[in-house]
Every structure is written in C-alpha cells, then in structure tokens.
Amino acid sequence: MNYRNLFPLFVLGSLIFTSCSTDDEPGQPQSPESNFDNGIFILNEGNYGSGNSTVSFLDLDNSEVNHQIFSKKNEGELLGDTGQNMAFYKDYAFIVMNVSNAIKVVDRGSFKHIITIEENLNNPRFITFSEGKAFVTNWGDGMDPDDDFISVFNAETFTSLATISVSEGPERIVAGPGKVFAAHTGGFNINNRISVIDPVKNELNTIITVGEQPNSLVLDGDNLWVLSGGNPSYLDNESAGSLSQIDLGTLQITKQITFPNSTDHPSNLNLENEMLYYTLGTEVYTFGSAESSLPQSPVFKMDKVEVLYGFKVIDSKFYAASASFDFTSNGKLYVYDISGNPLNTYGVGVNPNGVYSQE
C-alpha cells in the first residue's frame, strides 16, 4: 500500500486487530505441480477496502502474463485486501496483506495456498528472512506512534516467535550477515531511523540515524545503502533526499550525499552488477558505489508511466509497475533494457506496487 492510502488507513486504524487463523494448518509445498519457475511476479494491491488484490505472472518463456494466479490455483479463493509485499523463502512465497492483517503462504512453484498467518500482525508492511525466521514490519494503530513493532515467525512452521518494539513507521526491511535492518519512513509522520535487529536473540540491537524518510535499502558487499526521500512537499520544511552508505561491521555511516534540490525526493533504490539505480519521478538514474557525487542526468525517462508504483531491476532489465491515474483501473508493466530502450508493455491488475523474481 503506497502513501495515497494512508489517510483512510489512519481513520480505520483503531479497528485493526490481531487474530490467529483457525481454518488453516501448516502444509507442505506441492512442488510436483510447478508452473511458475521462470518469470516475474507482479503484486497488485487492488483498491483499499475492496479485497481485490491479485498476483500476475509474466512468463518469460512465452512473454505472456497470467492474471489472478492465486485465485486460479486455489479454486477461486480471494487473496485479500491490499497486497503490500511479497518475498520467497525456500519452497514458499509469503504475501503480506496490509489491510487484511495477514500473510498468505503459498508454494512458490504451484502457487497453491498452504496457510494464512494472522497472529501478531497489525498493519503489516514488509517481510524478510534470517536464521530460519520471517521478520515483518508493522505500523500498528496509525493513531498511536508508540505501538509499532516487528513480528517474528518461524519461516517453516509459521508459528509466532516474538514481537520487537521499534520506533514509528517501520517499512522496508532486509537481512544482512547476522543482522536485520528496518527502515523507518515514519508511518503517518516522519522518521529518519534504521533499526538494527539481532535475528538470533530477536532483539533491537542499535539505531542508525539517516536522512528523513528512508524508503529503500540494499546490501552491497560490506555495505548497506539507504535511500531517503526527504521531507515531502506538503510540509512547510520540504527537504531534499539523501543517499547513505553504512559499514556493516561498524554500523557507521561512511558516506552521505544529499540531493541538490529540496524538491528532489528519490526512491526505489536497486543494485545490479555493482551499480546502484534509483528514480526521481519517472526518471531513472545510476550511481557507482565508489563515486562521491550524484549524476547530473538520468539514464532515461519512463514517458508512458502514469503513476510509478513499483520499480525493480532484474537481470539487467528495468521493470516499472504503473498504476492508472484514477487508481481504480488495471495498471501496466513496462519493461526496458539496461540503456532504457522500451522492450514490452503488459497489462496487469489494479494498482501494481511490486515486481519480484524468485532468485
């Protein structure tokens, strides 16, 4: 769920609750029926409150998109309300459903539904894996800045192990060697922290202060790169975004570059072949990790993208998920080569917000 949905979620925040599924029991992946091995998954969040989230699959063998694969592979079962994030662990795919307060676990090959996790989730956002565990960021009640947490589950039995209290608005989360890093955009407010979690003890280790609204982060060898969007334009103190390099050993910031203009709000940090990529609006920029200054001009501009809702670099191709201007019609997936030349355009579901590969 992107920021355009935050206000209704704020209004309904007090109605969000946690529960435990009574209908589903842990099952085993059904790998003999493997239909989704070579392709790209697109998570379509749908419309807030409508329960019309879907997953599309771009089959790279025939360049065709299969729509609503979750429902098709599970006898018409609906995925849920506001698909937020998707990630893979061993034979499983985990789909975080923000408004449903649930995680749908499916077999990654067949997309058959295995179990729904509902315990210790409250406004869940993003997921990663470390030490055989799943770590999930949660905003909690949007009207309460002090109830945000990271929930921890056994990634194979799907049982709840712990909850870790953190500061407001934990969002993107990645796992590095012996550490888990969560970026805090601030939820309905503004934050500038990276929480460092000990994945063995399930404890908050330390906090790193970066630029305002860190929105994406990637691991690069011995470093963690964090891209911060800065204070948005609707605030009186609008500020430029920044790019921070953090040493994984010392947890110290070794490089921090601020964008030149207060209206520069970068997002969608990616790493491909030792090069960093990010977006400013619908423009794509690249940055070498050894460089000390930001590029002056973009690699290319995604002219046909209406609303850039998701962006991913996979195997030297750019995948741009575009929502429609009205946020109610089906979106599109635009594919470009590494130089920015358009390759293909595909129709997908309503409000596509994430692009994923199984590798």
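Below you will find a few notes about this structure. What you see is a predicted model; the values in this text were computed from it and never measured. (Residues numbered from 1 in each chain as written. Predicted model: local features only at pLDDT ≥ 70, side-chain atom pairs only at ≥ 80, totals over all residues. Heavy atoms only, no water.)

**Comments concerning the sheet that holds strand β27 (residues 342-350)**
Spatially, β24-β25-β26-β27 is the arrangement adopted by the four strands of the open sheet, whose pairing is antiparallel. Of all the strands in the sheet, just β24 (307-314) and β27 have a single pairing partner and so form its edges. Pairs of neighbouring strands in the sheet enclose a mean axial angle of 20 degrees, with direction left out of account. Bridging between strand β25 (residues 317-323) and strand β26 (residues 330-337) involves six bridges; their strand directions are antiparallel. Residue pairing in the sheet places alanine 321 in a bridge with leucine 333 of β26. (Pairing = 2+ DSSP bridges. Helix = DSSP H or I, 4+ residues; strand = E, 2+ residues; numbered from the N terminus. Axes fitted to C-alpha atoms, helices over the stretch in contact; angles between N-to-C directions.)

**Re the packing of aromatic side chains**
Within this structure, the stated rule accounts for 20 aromatic pairs. Pairing phenylalanine 41 with phenylalanine 57 gives two aromatic rings, centres 4.9 Å apart and planes at 55 degrees, and the pair type is tilted. Of this pair, phenylalanine 41 sits in strand β1 (residues 39-44) while phenylalanine 57 sits in strand β2 (residues 54-59), and the two are 16 residues apart along the sequence. The class for phenylalanine 41 is buried, based on a relative accessible area of 0%. By relative accessible area, which is 1% here, phenylalanine 57 ends up buried. Ring geometry for tryptophan 225 against phenylalanine 287: centres 6.0 Å apart, planes inclined by 75 degrees, an arrangement best described as edge-to-face. Remark: phenylalanine 287 occurs in strand β22 (residues 283-288) and tryptophan 225 occurs in strand β17 (residues 223-228); sequence separation between them is 62 residues. The same class applies to tryptophan 225 and to phenylalanine 287, which are both buried. Grouping aromatic residues by their ring pairs yields a cluster made of Phe36, Phe41, Phe57, Phe88 and Phe111. The ring centre of tryptophan 139 lies 3.9 Å from the NZ or CZ of arginine 125, which sits over that ring. (Phe/Tyr/Trp six-rings, centres within 6.5 Å; stacked < 30°, edge-to-face > 60°. Buried < 20%, exposed > 50% of the residue type's maximum accessible area, 1.4 Å probe, protein only. Lys NZ or Arg CZ within 6 Å of the ring centre and 35° of its normal.)

**Digging into empty space enclosed by the protein**
If a probe as big as a water molecule is rolled over the atoms, it shows which places are left empty. By the definition in use, this model includes one cavity of 30 Å³ or more. One number sums up the size of the largest cavity: a volume of about 50 Å³. Together, Trp139, Asp141, Gly142, Asp144, Pro145, Asp148, Glu168, Gly169, Gly186, Gly187 and Phe188 line the largest cavity. Of the residues in the lining of the largest cavity, the class split is three nonpolar, four polar and four charged. (1 Å grid on protein atoms, 1.4 Å probe; cavity = no way out; pocket = protein on both sides within 12 Å on 5 of 7 lines; lining within 4 Å. Points joined across faces, edges and corners; volume = space filled by probe spheres on them. Nonpolar A, V, L, I, M, F, W, Y, C, P; charged D, E, K, R; others polar.)

Interpretation in functional terms is not warranted from these geometric data alone.
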